[in-house]
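Structural features, examined
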Amino acid sequence: MESDLELKYDYLPNRSNPAAVFDTMAKYVKSYDDLGNLLAESIGLKDDFTFQLISVNHGSIKSRLGAAKGRLKSLVTEAIFDSAVHLHSDLTAVEETSSEEEVMAIAQGLEERLTRTLDSTGETLNPPIVDPKRLAEVLQSLSAANDSTMNGETLRISSSTSRSDMNMSWRFTGDPKEMFSEKVSHFKGQLQIRVKISV
């Protein structure tokens with residue numbers, strides 16, 4: 001069975017601007033494409049994920065993300081997608097993410113979940129190391145997608161093993177450009193060193 005990640009965006013059927021619906025879905029697609037690639041790279045793999053439009057119904061759009069054929073074993077792909085669904089679940093408990101510490105906690109949770117899932121597959125891969133700055137960029141992108149939804153709309157994300165509904169009121173209010181940047185400080189003054197020599 002092919003591993004994939006499905007996004008189902010239920011929008012208000014009588015929205016006055018249909019282009020905005022597709023723009024919102026495109027933002028979610030890009031966010032999860034970036035997240036899939038970030039998680040693949042966290043275990044030392046480079047892969048291309050592709051989205052396929054599944055269906056457009058009155059009030060609903062479905063899209064499916066899958067790894068490029070033959071590039072990743074399906075168990076590894078499933079581990080990545082399962083971690084993406086659990087990120088969704090983690091965000092249901094909070095209304096806002098803004099600090100480096102919160103992003104680091106999310107990154108650590110993704111690393112732990114990926115480790116557990118990959119260990120159960122028997123695959124030998126690098127221990128996951130999620131780049132927190134890139135994760136902050138993904139979170140900002142997800143937040144922008146949430147910003148473009150209307151009250152009453154929903155997004156469901158599912159893999160073959162789990163599913164979760166997006167907390168549509170969650171927002172990322174940090175600035176990825178400012179987060180995790182190296183801070184340089186200068187000191188001007190005298191430095192005294194005392195050395196004790198035993199004779």
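Note: the structure precedes this text.
Residues numbered from 1 in each chain as written. Predicted model: local features only at pLDDT ≥ 70, side-chain atom pairs only at ≥ 80, totals over all residues. Heavy atoms only, no water.

Their axes nearest at 8 Å, the elements helix α1 (residues 18-42) and helix α4 (residues 132-147) cross at an angle of 160 degrees. When the axis of α1 is compared with that of α4, the two are roughly antiparallel. Here the hand of the crossing between α1 and α4 comes out left-handed. When α1 is examined against α4, the residues T24, K27, Y28, S31, Y32, D34, L35, N37, L38 and E41 are found in contact with a partner set consisting of R134, L135, V138, S141, L142, A144, A145 and N146. (Axes fitted to C-alpha atoms, helices over the stretch in contact; angles between N-to-C directions. Helix = DSSP H or I, 4+ residues; strand = E, 2+ residues; numbered from the N terminus. Parallel < 35°, antiparallel > 145°, perpendicular 65-115°, else oblique. Left-handed = near helix turned anticlockwise from the far one by under 90°. Contact = heavy atoms within 4.5 Å.)

The next subject is α4. The end-to-end C-alpha distance of α4, which contains 16 residues, comes to 22 Å, matching closely the 22 Å that a straight helix rising 1.5 Å per residue would cover. Of the residues making up α4, those classed as buried are P132, L135, A136, V138, L139, L142, S143, A145 and N146. A distance of 3.0 Å separates the backbone nitrogen of K133 from a side-chain oxygen at the start of α4, and that oxygen is part of D131. (Expected span 1.5 Å × (residues − 1). Buried < 20%, exposed > 50% of the residue type's maximum accessible area, 1.4 Å probe, protein only. Polar contact = N/O pair within 3.5 Å; in protein donor to acceptor, adjacent residues only side chain to side chain.)

An ideal rise of 1.5 Å per residue puts 36 Å on 25 residues; α1 measures up with 37 Å between its terminal C-alpha atoms. Two residues or fewer past α1, G44 is found with a positive phi of approximately 85 degrees.

In the sheet, strand β1 (residues 5-10) pairs with strand β5 (residues 154-158) via five bridges, with the strands oriented antiparallel. Within the sheet, the bridge partner assigned to Y9 lies in β5 and is L155. As judged from the three bridges shared by β5 and strand β6 (residues 163-165), these two strands associate in the antiparallel manner. Bridge assignment links I157 to a residue of β6, and that residue is S164. The turn linking β5 back onto β6 is made up of four residues. (Pairing = 2+ DSSP bridges.)

Here the focus is the packing of aromatic side chains. Throughout the structure, instances matching the rule amount to two aromatic pairs. Pairing Y9 with Y11 gives two aromatic rings, centres 6.1 Å apart and planes at 45 degrees, and the pair type is tilted. Judged by relative accessible area, Y9 falls into the buried class, the value being 0%. For Y11, a relative accessible area of 15% puts it in the buried group. Within the aromatic cluster, the residues linked to one another by ring pairs are Y9, Y11 and Y28. (Phe/Tyr/Trp six-rings, centres within 6.5 Å; stacked < 30°, edge-to-face > 60°.)

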